[in-house]
Each structure stands twice: as C-alpha cells, then as structure tokens.
Number of protein chains: 2
Amino acid sequence: MASRALKYYYDLLSQPSRALYILLEQTKIPFEKCPVALRKCENRSSEFVQNVNRFGKLPCIIHGDFKLAESIAIFRYLSREFQLEDRWYPKEGADRARVDEYLEWQHANIRAQCAQFFIYSWITPLLGMEVNQAKVDRLRANMIECLDVFEREWLDEGRKPFVAGKELSFADVVAACEIEQPKLAGFDPRVGRPHLAAWMERVRVATNPHYDEAHKILYKFTPKEIETPKVQ
Amino acid sequence: MASRALKYYYDLLSQPSRALYILLEQTKIPFEKCPVALRKCENRSSEFVQNVNRFGKLPCIIHGDFKLAESIAIFRYLSREFQLEDRWYPKEGADRARVDEYLEWQHANIRAQCAQFFIYSWITPLLGMEVNQAKVDRLRANMIECLDVFEREWLDEGRKPFVAGKELSFADVVAACEIEQPKLAGFDPRVGRPHLAAWMERVRVATNPHYDEAHKILYKFTPKEIETPKVQ
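Since the structure is predicted, the reported quantities are computational estimates derived from the model, not experimental observations.

This brings us to the overall build of chain A. Along chain A, the regular secondary structure elements total eight helices and four strands. Ordered by position from N to C terminus, the α and β elements of chain A give β-α-β-α-β-β-α-α-α-α-α-α. The C-alpha radius of gyration computed for chain A amounts to 18 Å, which stays within 12% of the reference 17 Å derived for 232 residues, consistent with globular compactness. With respect to the principal axes defined by its C-alpha atoms, chain A has extents near 50 × 45 × 35 Å. Relative to its 232 residues, chain A shows a buried fraction of 56%. Relative to all contacts within chain A whose residues are 6 or more apart in sequence, the contacts with residues 24 or more apart total 64%.

See below:
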C-alpha cells in the first residue's frame, strides 16, 4: 500500500483542509501538496471540477487514479490505506464509535454554526455586500449555544481532556480547526470557556509544529485584539 | 458480541430513524423497539436527556450500557458489532470510501436541504406560525438544485444503479429516507427526475417489506396528489 502517489488538494483558509493537512503531516504520510486558491475560485474552474473533484470543493485527494472528496471520508480512507496509529482512530468498538459520533455530530453543529457565522460576517463585506446586523446577531447566538454544548457535552466541563476520551484523536483536530475559524471574524471562542480554551491549547501542543503551520495564514488575518501564537 | 440487549430509540417520522429501522429489520439484528414521539417532545424530556441521549435527539441506541447517538455512527458501530454483510458497508478500500463519501456529503446537502424545506413548510404552519412564502421558495430552490446534483453526480444520470456503485448499500437507504420526506409537504422529488424515480423504486423493492413498513406513517400523511404505495 501507499506505493501510489497521493495528491492532496487544499486551501489552508478552509477548516477541513487544515485538519487533513495536520493529519497528513503528523502521520508522515508522503503526499504531494496541491494548493488551490478558494479566493480565486480555482475550485470552481471546469478543469478542477472535471479532473479533480466533481463537486468543486476542498479538500480532496487523488490516490493513484482514485478520486475522493469529503474530508472525513478521506480521513477514514487514509486510516486504512496507511494503517494509521490507533490514537487517530481507535480500532476498538466503543472507542471508535465515540470518535464517529463526534465526526457525525459536528456537521450540523460545530461545523455548521462556526462556518455560517464566519462566512456571513467575514465574507459578505469582503464581497462588497451589505451585512444585516440582526442576521449576524442570530448566527452568533446559534454559534455561542453550540460552543457551550461542545464544552459541556464533549469536554464534560473539562473532565474529559479530549473529545472522544483520554487521548487525542482526529475528532479533536477537526473540532479545533472549525473553532479557530470565527477568530477571523473577531469572535474569540475561548472567552468565558476555560475548558474549551485549555483543550484548544492541548490540541495545538499535541499537533505542533503542524498545527501552527496550518493556521499561520489564519493567525495573520486574525484581528490584533485576539491573541494568536507567534509563528515564524 | 451481540449478546447484550440492544435498545433502539426512534420515531418513524424522522428520516434517519427510518433508515436505521430498515437496516435493523433487514439484517435481522435482534433489538428492542423503543418508540419516542417527537410530536410530544418526548425526546426533550429530562428523563430522556439524562438516561438515553444527552443531545435529546433521535435516533439513538443503548447496547448493554453503551449509549450512542448519531445515526451514521450507530450504523458503523452495528456493522462491526454484528458483522453485517459487505453489501451494507463494503470492506474494500475504494468501495467503502465511496459509501463514506456519500454519508459525509449528504449532511450539508440532501439531508440539510430536504429537511430544511420540510421543516419550514410543513412544521411552521402546524405550530400556528406564519409562513414566509419567499423563504419557502428559496428553500425549495435549494432543495431542487441539490436533488439535481444527486441525480447527476451520485446516480450518474441513471448509469449507476445505486449511490456507491452496482450494489445497494446503507448510503442508498439513508438517501432514500431523506428524499421521501418532502413528499409530506407536497413536493414530489421524482417529477422530472426519471433516474432518481427509478433508483427510489429499486431501493424500496430491495428493502421491502421493511421500507414500506418504515414509511407507512409518511405515506398516510402524504397529500393525495402524490402517489404512494398501498400498505396494509
């Protein structure tokens, strides 16, 4: 296995792109970096849609001649093809199920809420469109409620060091990359959530230097009043 | 293995509840039926949240003393614990990855779009709240675009008999149960989509009598102008 070339298409401004980038670097899977600029809509070009990913989204891979989209499906595929360590995706029934439960739950919760707030309040003005403040407030309130559920149910108010239990798994990387995103729009998810803040720092330390490398561009565009690490 | 009692909590008016119900019946996994009435908000009761599912959602299981939420995570857990046939969830790398790709893709697409249209246009008036027709139109347009992508990319305009290839998998059951839902609100997803219509009938035939049993209540409440099977 792993003898076929693996091409990884990503943009580090995309949350799931960063999560898979960190995984690939941490697990030392050999891969070819194929950056695609979302800001230039390169992912929507007919060349990309025809030859790389029929849905025109990031991230995605081509492994040999096998094309695969959807970051979490790619993660599961890589975990089998490259026989990743158990820590990323436990083999045992209940432990694996808990990681799976988070990876399903996040779609309509952490992923949806943080991304919707970020896209509307950060992208809309960039496109020169008017921002409806009532809508921003509603999206922020939904995100806040979701982050509170995350801290309460997934981190058990700090009694669980990681999302799926005692060990870091890919679920933590996915969650942290999503929760970093609203910082760009001036919202610091750590404020008033000490257990979430401590967990984010644990995930960062456990996956550095790749975590900071993946977030370098995000740190750069984060407003100065929100503290971010210094990265060379 | 499979010696512990399996309790299944569900409501057949919920799309993912039906999908897992069909799987459990088709694979002859022994389980205890624990219906929970969404219309009575039984899933929000403190008893349910404390003892069954901390998120107050359906479906979910308790297997022995292991509690698990999220229908797709439950499916993966059952596929391991009860060693389901390969047809439901292929073991081979690329075939499994294609099922996984659909199961991830659907969250923000078929699941989100069909459910949002259904909830707003069917539930809102039931609650005695005013319906904004412009919003209904927008949600319908999003759903239509998504169903068109489904027929084009996942069924390859009828060249693929099932979502992940030549064989029926759990991905088809999940997709069909979602695409049935907007019928309740008077929208027939089969109109103008012959490949989607033929695929829905294939999924139904392949999983009957359990498909019709799971959809009996949906058929009952579907407006008369939309054709539904006669079920005893």
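Having seen the structure, we can now continue with the description.
Many analyses report the size of an interface as the accessible area lost when the parts associate. Listed as interface residues are 27 residues of chain B and, on the opposing side, 27 residues of chain A. Here chain B packs against chain A, burying approximately 2,600 Å² in sum over the two surfaces, 55% of which is carbon and sulfur. For the pair chain B and chain A, the interface holds six salt bridges. Close ionic contact of Arg54 of chain A with Glu101 of chain B constitutes a salt bridge, the shortest N to O distance being 3.0 Å. In this structure, the connection of chain B to chain A is made through twelve residue pairs in polar contact (both at pLDDT 80 or more). Going through the elements one at a time, β4 (66-69), α3 (71-81), α4 (93-126) and α5 (133-154) of chain B are the ones with two or more residues in the side of chain B that touches chain A. With ten residues, α4 of chain B is the largest single contributor of residues to the side of chain B that touches chain A. When its residues are assigned to classes, the side of chain B that touches chain A shows 13 nonpolar, two polar and twelve charged.

Let us now look at the UniProt feature "domain: GST C-terminal" (unreviewed entry) in chain A. Sequence positions flagged by UniProt for "domain: GST C-terminal" (unreviewed entry) are, in local numbering, residues 92-230 of chain A. Secondary structure within residues 92-230 of chain A divides into 67% helix and 0% strand; the distance between the first and last C-alpha atoms comes to 38 Å.

Residue and element names in this part refer to chain B. Counting buried residues along helix α6 (residues 170-180), eleven of its eleven residues qualify, which places the element largely inside the surrounding structure. Listed as buried for α6 are Phe170, Ala171, Asp172, Val173, Val174, Ala175, Ala176, Cys177, Glu178, Ile179 and Glu180. Check the buried side of α6 and you find it contacts α1 (15-26), α3, α4, α5, α7 (194-207) and α8 (210-221).

The subject of this paragraph is the UniProt feature "domain: GST N-terminal" (unreviewed entry) in chain A. When the UniProt feature table is mapped to this numbering, "domain: GST N-terminal" (unreviewed entry) covers residues 4-86 of chain A. This span, residues 4-86 of chain A, is 35% helix and 20% strand, and a straight line between its end C-alpha atoms measures 23 Å.

All names here are of chain B. Inspection of the secondary structure puts Gln106 in helix α4. A distance of 3.4 Å separates a polar atom in the side chain of Gln106 from the backbone oxygen of Leu103. Once residues within four sequence positions are removed from consideration, Gln106 is found in contact with Ile72, Arg111, Ala112, Val174 and Glu178.

All names here are of chain A. Those residues of helix α8 (residues 210-221) that fall on the buried side of the exposure criterion are His210, Tyr211, Asp212, Ala214, His215, Leu218 and Tyr219. Taken around the axis of α8, the buried residues stretch over an arc of 165°, which confines them to a single face. The inward-facing, buried residues of α8 abut α1 (15-26), α6 (170-180) and α7 (194-207).

The rules behind each value
- Residues numbered from 1 in each chain as written.
- Chains lettered and ligands numbered in written order.
- Predicted model: local features only at pLDDT ≥ 70, side-chain atom pairs only at ≥ 80, totals over all residues.
- Heavy atoms only, no water.
- Helix = DSSP H or I, 4+ residues; strand = E, 2+ residues; numbered from the N terminus.
- Rg over C-alpha atoms; globule rule 2.2 N^0.38 Å.
- Buried < 20%, exposed > 50% of the residue type's maximum accessible area, 1.4 Å probe, protein only.
- Contact = heavy atoms within 4.5 Å.
- Buried area = accessible area lost by both parts, 1.4 Å probe.
- Salt bridge = Lys/Arg side-chain N within 4 Å of Asp/Glu carboxyl O.
- Polar contact = N/O pair within 3.5 Å; in protein donor to acceptor, adjacent residues only side chain to side chain.
- Nonpolar A, V, L, I, M, F, W, Y, C, P; charged D, E, K, R; others polar.
- UniProt positions renumbered as here; feature names shortened; annotations may be inferred.
- Arc of directions from axis to C-beta.

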